[in-house]
Amino acid sequence: MSTVRGTISVDIEFSDSTATEHSRSRKTIVMRDSEEYTATSGIVAVLEGTAGTAQTTLFSAGPVNYRNADGVSPTPNAINRVAYTWDGGSGATYRTLSIFEDIVSFGQEIVKLRSYGDHPAISYMNDFTGLIRLDQSNATGSYKVILYSLS
Amino acid sequence: MPNGVISVDVVFDDSTVVAGAESLKTATLRGADEYGSAKIAVLEGTVGTAVQILSVSPAAYVDASGQSVSFTTLNRIVAQGDPHIAVGSLFARWGNSRDGNVAVFDSPLPNGPPNSVQIFSESTQATYTLILTGT
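On a predicted model such as this, the values are computed, not experimentally measured, just so you know.

The rules behind the values
Per-chain numbering applies: the sequence of each chain, read as written, is numbered from 1 onward. Naming scheme: in the order in which they are written, chains are lettered from A and ligands are numbered from 1. Per-residue local features are limited, in this predicted model, to residues with pLDDT of at least 70; the limit for side-chain atom pairs, both in listing and counting, is 80 or more; totals at the level of whole chains, interfaces and linings are taken over all residues. Only hydrogens and water are set aside; all other atoms, that is, all heavy atoms of the structure, feed into the side-chain values. Labels follow the DSSP assignment, with helices taken as runs of H or I lasting at least four residues and strands as runs of E lasting at least two, numbered in each case from the N terminus. Throughout, the radius of gyration refers to the C-alpha atoms, and the reference size of a globule is 2.2 Å times the residue count to the power 0.38. Residues are treated as being in contact if the distance between any of their heavy atoms lies within 4.5 Å. Pairing between two strands requires that DSSP report at least two bridges joining them. Lines are fitted to the C-alpha atoms to define the axes, a helix being fitted only along its stretch in contact, and any angle between axes, read from their N-to-C directions, falls within 0 to 180 degrees. What counts as a salt bridge is simple: a side-chain nitrogen of Lys or Arg found within 4 Å of a carboxyl oxygen of Asp or Glu. Any residue under 20% of the maximum accessible area for its type is buried, any over 50% is exposed, and the rest in between are partly exposed; the area is computed with a 1.4 Å probe on protein chains only. Put simply, buried area is how much 1.4 Å-probe accessible surface two parts lose in total, over both of them, once they are put together. We define a polar contact as two N or O atoms separated by no more than 3.5 Å, with the added condition that, inside protein, one atom must be a possible hydrogen donor and the other a possible acceptor, whereas residues neighbouring each other in sequence contribute only through side-chain atom pairs. What makes a nonpolar core is a set of buried Ala, Val, Leu, Ile, Met, Phe, Trp, Tyr and Cys residues whose side-chain atoms join them at distances within 4.5 Å. The predictor reports its confidence for every residue as pLDDT, a score running from 0 up to 100.

**Student:** Just checking my understanding: could you explain the overall build of chain A for this structure?
**Tutor:** Each helix and strand in chain A was counted, giving zero helices and ten strands. Going from the N terminus to the C terminus, chain A shows its helices and strands as β-β-β-β-β-β-β-β-β-β. Rg of the C-alpha trace for chain A: 19 Å, well past the compact-globule value of 15 Å for 151 residues, more than 25% over. Over its C-alpha atoms, taken along the principal directions, chain A stretches across nearly 65 × 40 × 30 Å. Pairs at least 24 apart in sequence give 72% of the contacts found in chain A among residues at least 6 apart.

In C-alpha cells, the structure reads:
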C-alpha cells in the first residue's frame, strides 16, 4: 500500500495603480491558498499524453491507466480534486475537460473545466467517480490531469 | 492597467516501502502566468442554493482610478467559496470550491462577449470571492 501526500497551492497577486498630477491611487489584490492532502487512504493518479481532435475518454469508473508507487493501477473511488492543463500549441483553442457524474447518463455533466496555453486549472470535486473526457478540439495537443481521490 | 501573476503549484508524492526499498513517484502540475495589462475585478458576497447572476459588463467593482470595470472578454477566473460554491453559466458548471479551497480555470468564452457569471451553493449560505481577469 503506497502513501500519498501532497499540496495544492494557489498564489495570486495583482497590482492596480493610477496617478494624476496631484494624486496616486493603488489597489493590490492578493489571494493565497495552500491545502495539504494526507489522507491515509488517499490515491493520486496522473493521466497524460497527446490527444487528437476527437473526444477522448481519459477515465471511466475503474482502474486508471497509471501505476502508482506500488506498481498497481489504482481505482479512484472518491475523487476530491482535479488538476488539469492543456497545451494545443500556438493558435490552438481552449480545450475542455468534461466531467460527468454518471458514466451512463451523459446529461449529468457536472463540470466543464477549461485550460488554454498550458494554464493549470483546478477544481474541487465531491467524491466524484464518473467519467472524464476531453472534448473535441480543432488542434492536437498535450494534456495532463492529476486526480486526487480520498479512497 | 493592472498587472500580476496567477501561480498554481500541485505536488503529490506517492511512496511505498517493500523489503526496505522505497519507491517514490512524484506528480506535479505547475504554472505561473503573468498578466501585463489585464482588466481585473474582485466580486465578493454571499450566495445560497438559488442561482445568482453576476454582471461582468459592468462588474460591481471599481479600479484604482475609481472607474467601473467592464469586461469585453473574460480570460482566467479564480473562485473561493466556503462552505461551497459552484461557478458557471446557464449551460455548464466551470468549477467548484469547497471549504475555501481555491478553484482556477479559463473562461469558456475567451474571444467572445462575456456571459454573465452564475454562482450558487449547495449550502444555504456560503461566502464567495471571485477574481475575474479579462479585457
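**Student:** Would you take a moment to explain the sheet that holds strand S1 (residues 3-19) of chain A for this structure?
**Tutor:** Backbone hydrogen bonds are what pair the strands of a sheet, in a parallel or an antiparallel way. Spatially, the four strands line up as an open sheet ordered S2(A)-S1(A)-S1(B)-S2(B), and their pairing is antiparallel. A strand with exactly one partner marks an edge of an open sheet, and here the two such strands are strand S2 (24-37) of chain A together with strand S2 (21-35) of chain B. Strand after strand, the sheet turns through a mean of 5 degrees between neighbouring axes, direction not considered. Here 13 bridges tie S1 of chain A to strand S1 (residues 3-18) of chain B, and the two strands are oriented antiparallel to one another. Of the residues in S1 of chain B, the one forming a bridge with Val 4 of chain A is Asp 14 of chain B.

**Student:** Would you mind showing me how to read unusual backbone geometry here?
**Tutor:** Across the chain, the bulk of peptide bonds are trans and the bulk of non-glycine residues have phi less than zero. Residues Ser 57 of chain B and Pro 58 of chain B are joined by a peptide bond in cis, for which omega reads 5 degrees. The topology assignment puts Pro 58 of chain B in the loop between strand S4 (52-54) and strand S5 (74-82). Residues Asp 82 of chain B and Pro 83 of chain B are joined by a peptide bond in cis, for which omega reads 5 degrees. Mapped onto the elements of the fold, Pro 83 of chain B is located in the loop between S5 and strand S6 (84-88). Backbone geometry at Asp 118 of chain A places phi at a positive 70 degrees, although glycine is not the residue there. Inspection of the secondary structure puts Asp 118 of chain A in the loop between strand S7 (109-115) and strand S8 (121-128). Non-glycine residue Asp 127 of chain A carries a positive phi angle of around 50 degrees. For Asp 127 of chain A, the position within the fold is in strand S8.

**Student:** Looking at this structure, how should I read the pattern of salt bridges?
**Tutor:** A side chain of one charge can pair with a side chain of the opposite charge if their charged atoms are brought near each other. Evaluated as defined, the whole model comprises nine salt bridges over all chains. Arg 32 of chain A is the salt-bridge partner of Glu 13 of chain A, the closest N and O atoms lying 2.9 Å from each other. Taken together, the residues Glu 13 of chain A in strand S1 and Arg 32 of chain A in strand S2 connect sequence positions 19 residues apart. Taking the relative accessible area as the measure of exposure, Glu 13 of chain A reaches 35% and is therefore partly exposed. Between Arg 93 of chain B and Glu 122 of chain B there is a salt bridge, with the nearest N and O atoms lying 3.8 Å from each other. Placement of Arg 93 of chain B in strand S7 (residues 93-98) and of Glu 122 of chain B in the loop between strand S9 (117-120) and strand S10 (126-134) is noted, with a sequence separation of 29 residues between them. Assessed through its relative accessible area of 21%, Arg 93 of chain B is described here as partly exposed. Bridged by salt links that share partners, the residues Asp 11, Glu 13 and Arg 32 of chain A form one connected network.

**Student:** Is there a simple way to explain the interface of chain B and chain A in this structure?
**Tutor:** Interface size is often expressed as the accessible area that is lost when the parts come together. Contacts between chain B and chain A engage 56 residues on the former and 57 residues on the latter. Summed over both partners, the interface of chain B with chain A buries about 4,700 Å², with 58% contributed by carbon and sulfur atoms. Our enumeration of links across chain B and chain A arrives at zero salt bridges. Between the two partners, chain B and chain A, sit 27 residue pairs in polar contact (both at pLDDT 80 or more). Contributions of two or more residues to the side of chain B that touches chain A are made by S1, S2, strand S3 (39-47), S5, S7, strand S8 (103-106) and S10 of chain B. The element contributing the most residues to the side of chain B that touches chain A is S1 of chain B, with 14 residues.

**Student:** How do you make sense of the nonpolar core when you look at a structure like this?
**Tutor:** General note: in soluble globular proteins, nonpolar side chains tend to be found buried as a group. Counting residues in each nonpolar core, the largest one holds 75 residues, and the members touching the most others are Phe 12 and Leu 130 of chain B. Excluding its chain neighbours within four sequence positions, the residues that come into contact with Leu 130 of chain B are Ala 41, Val 42, Leu 43, Leu 54, Val 78, Ala 79, Ile 85, Val 87, Val 117 and Ile 119 of chain B.

**Student:** How should I be thinking about the confidence of the model for chain B in this particular structure?
**Tutor:** The predicted coordinates should not be examined in detail at positions where pLDDT is low. Overall, the prediction assigns chain B a mean pLDDT of 92, with 96% of residues at 70 or greater. Both confidence scores are given for the complex: pTM 0.93, ipTM 0.93.

**Student:** Would you mind going over the environment of Phe 14 of chain A with me for this structure?
**Tutor:** Here Phe 14 of chain A is to be found in strand S1. Classification of Phe 14 of chain A as buried rests on a relative accessible area of 0%. Sequence spacing of Phe 14 of chain A and Tyr 148 of chain A is 134 residues, and the spatial spacing of their C-alpha atoms is 29 Å. Those residues in contact with Phe 14 of chain A, other than ones at most four positions away along the chain, are Lys 27, Thr 28 and Ile 29 of chain A together with Asn 3, Gly 4, Val 5, Ile 6, Tyr 35, Ile 40 and Thr 133 of chain B.

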